[in-house]
Amino acid sequence: MSRQSVAKAHQKIQELSWEPQYHEPVSQYGTDYTFHKAQKRDPLKQVLRSYFPMQEEKDNRVYGAQDGAIRGNMFRQVQERWMEWQKLFLSIIPLPEISAARAMPLLFRTVPNPELHNGQAIQMIDEVRHSTIQQNLKRLYMNNYIDPAGFNNSLRAFQGDYAGTIGRQFAEGFITGDAITAASIYLTIVAETAFTNTLFVAMPAEAAANGDFLLPTVFHSVQSDESRHISNGYATLLMALSDESNHQLLERDLRYAWWNNHCVVDGAIGVFIEYGTKDRRKDRESYAEMWRRWIYDDYYRSYLVPLEKYGLVIPHDLIEEAWNRIWNKGYIHEFAQFAAAGWVANYWRIDPMTDADFEWFEYKYPGWYDKYGAWWENYNRLSTPNGHHPIVAEDVDYAYPIRCWTCMVPCLVREDIQTAEVDGTHRTYCSETCKWTDVTAFRPIYQGRSTPNMGKLTGTREWETLYHGWNWADVVSDLGYVRDDGKTMVAQPHLDLDPKKMWTLDHLRRMPPFQSPLTLFNEMDDAGRATFVADYRQQGPAGRPAPAA
């Protein structure tokens, strides 16, 4: 189609929209935002007659590359360390994609602009496509990789895992609460505009460096759709800005959305890129360097800061604190250490760090070895069963962290822990902002304003509570993280598939019962909780117990 005919077809679509006069439309998805009809343009003017041939060509390239990878023996060359982390990543990422598809109908009746509805409908199709090709990629890995265990049960596995549950709450944020908060600010304005660069551009580059050429093919195909989604979000944002009564909600939602994305996406993708790679070239970017370029410069300075001219208060303090956590507080390294410490309760194998890894980390993050080196040496020493427990139950100068109620990432930066009693339970938070999100933002009244559509964070949010007091072997068995022989664990703290070096349920039965830190915290009295928090703030870095008084 010529560009002119596409524009004409796009204009014709708007004539198919009408407001019914014979009944009062029912609001299916609520919002506390106020919108007035305004002629905001969809700058991309995509229509299905041009959209489907373009997407068909992209799919042909994706599936052609997959066929080429198999014929070219890619799976004989790809790094196992990288592929193991894909068991987690590819189990989680289809859920945010399909949640994003489900999010678009929240906006159809909320945003009164037929031109944007067309873009949102096409975004919904995009997201379904993304989930499909990602699931297919996972299936291809399962069928061709040397160790399919973990790929084969990940649809069930991820929602009960200590990391997968974090991804689940992240994805469900696209479809819960206020429609604009969830589907526009949280999804398109922050997640897609800011964080897909590290997710779908930086991470594929690392995949290629580890011999995986399929993930870059699939995720670059995904990223090429994001410009449309970013456009949808920005147009909706401008409509919301036109009514000054929305500014209060926009500022609230930018703070919540930015911080939750930072906690989850920076933590997870940072670990994949930094700890899932065997590429230790000194001239390749660290995650901190990628973040500074892709998110701080390209998103914050080029996208968020210009919004100040509309009178919007930008969360400068949170952007700076996110960088502070990454660079000065070791957030990604703390996240990786937590993931490796709890390897028992996952469904992928985590490779020990080597001298080459130590050298690279010290070069990119000066002082890394003094903080984390000894713990990773212990991880290596305890990686194969030899009469000892898994590292989580051994004395290696590490205090297992308690979970954040809001983002569900553990409270890894120990000095920042916060607590509150909410709805009759005592909750812990990784930061002041996560506490504010639960205690203040997700409430029916915000700063004296009625916000009934915001909802609240409720339910059994952290998996540890469900298994408090269980034997570790029963926990892993109930989660389904066991291989076909019924006793060997899917997870291992190394990459050696020699049966004599693999951990089994029998090894776990000798461990002390599993204890949920949050359950124990709620069983304490007020004085006990105060003592716990004071001690927790003295812990670290690298999860070290507080110094003896």
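Residues numbered from 1 in each chain as written. Predicted model: local features only at pLDDT ≥ 70, side-chain atom pairs only at ≥ 80, totals over all residues. Heavy atoms only, no water.

Here we look at the overall build of the protein
Per the secondary structure count, the protein includes 21 helices and four strands. For the protein, whose C-alpha radius of gyration is 24 Å, the value lies close to the compact-globule estimate of 24 Å for 549 residues. With the principal axes as the frame, the protein shows a C-alpha extent of 75 × 65 × 45 Å. Buried positions account for 58% of the 549 residues belonging to the protein. Look at the contacts in the protein between residues 6 or more apart in sequence, and 77% of them connect residues 24 or more apart. Total accessible area on the protein stands at roughly 21,900 Å², and carbon and sulfur atoms take up 52% of it. (Helix = DSSP H or I, 4+ residues; strand = E, 2+ residues; numbered from the N terminus. Rg over C-alpha atoms; globule rule 2.2 N^0.38 Å. Buried < 20%, exposed > 50% of the residue type's maximum accessible area, 1.4 Å probe, protein only. Contact = heavy atoms within 4.5 Å. Areas by Shrake-Rupley, 256 points an atom, 1.4 Å probe, with all protein chains shown as cover.)

Re the environment of Arg-49
Tracing the chain through its elements places Arg-49 in helix H2 (residues 48-71). Separated by 305 residues in the primary sequence, Arg-49 and Thr-354 have C-alpha atoms spaced 53 Å apart.

Some thoughts on the side chain of Asp-32
In this structure, Asp-32 sits in the loop between helix H1 (3-14) and H2. In this structure Asp-32 is buried but unpaired, with Arg-252 as the nearest side chain of opposite charge at 5.0 Å. Here the side chain of Asp-32 touches Asn-453 through a polar contact of 2.8 Å, side chain to side chain. (Lys, Arg positive; Asp, Glu negative; His and termini not counted. Salt bridge = Lys/Arg side-chain N within 4 Å of Asp/Glu carboxyl O. Polar contact = N/O pair within 3.5 Å; in protein donor to acceptor, adjacent residues only side chain to side chain.)

Observations concerning the environment of Gln-169
Of note, Gln-169 is situated in helix H7 (residues 164-172). Put simply, Gln-169 and Pro-513 are 344 residues apart on the chain and 27 Å apart in space, counted from C-alpha to C-alpha. Not counting residues up to four positions away in its chain, the partners in contact with Gln-169 are Asn-260, Val-264, Thr-406, Cys-407, Met-408 and Arg-461. In terms of polar contacts, Gln-169 uses its side chain to reach the side chain of Asn-260, at 3.4 Å. A distance of 3.0 Å separates the side chain of Gln-169 from the backbone oxygen of Cys-407, its partner in a polar contact.

Considerations on the packing of aromatic side chains
Under the definition given, this model contains 51 aromatic pairs. Measuring from centroid to centroid gives 5.9 Å for Phe-75 and Tyr-141, while their planes differ by 75°, and the two rings are edge-to-face. Of this pair, Phe-75 sits in the loop between H2 and helix H3 (80-92) while Tyr-141 sits in helix H5 (residues 114-144), placing them 66 residues apart in sequence. Each member of the pair, Phe-75 together with Tyr-141, is buried. Relative to Tyr-481, the ring of Tyr-347 has its centre 5.4 Å away and its plane inclined at 55°; by these criteria the two rings are tilted. In this pair, Tyr-347 is assigned in the loop between helix H14 (331-341) and helix H15 (355-364) and Tyr-481 in the loop between helix H18 (472-479) and helix H19 (505-508), connecting sequence segments 134 residues apart. Taking the relative accessible area as the measure of exposure, Tyr-347 reaches 0% and is therefore buried. (Phe/Tyr/Trp six-rings, centres within 6.5 Å; stacked < 30°, edge-to-face > 60°.)

Notes on the side chain of Glu-464
Mapped onto the secondary structure, Glu-464 falls in the loop between strand E4 (449-450) and H18. Judged by relative accessible area, Glu-464 falls into the buried class, the value being 3%. Within the structure, Glu-464 has its side chain in polar contact with the side chain of Arg-403 (distance 2.7 Å). Setting aside residues up to four positions removed in sequence, Glu-464 forms contacts with Tyr-400, Arg-403, Phe-514, Ser-516 and Pro-517.

As for the pairing of strand E2 (residues 425-429)
Most of E2 is tucked away, with four of its five residues classed as buried. Here five bridges tie strand E1 (residues 418-422) to E2, and the two strands are oriented antiparallel to one another. By the bridge assignment for E2, Ala-420 is matched with Arg-427. Following E1, the chain reverses through two residues before pairing antiparallel with E2; Asp-423 in that reversal takes a positive phi of roughly 50°. (Pairing = 2+ DSSP bridges.)

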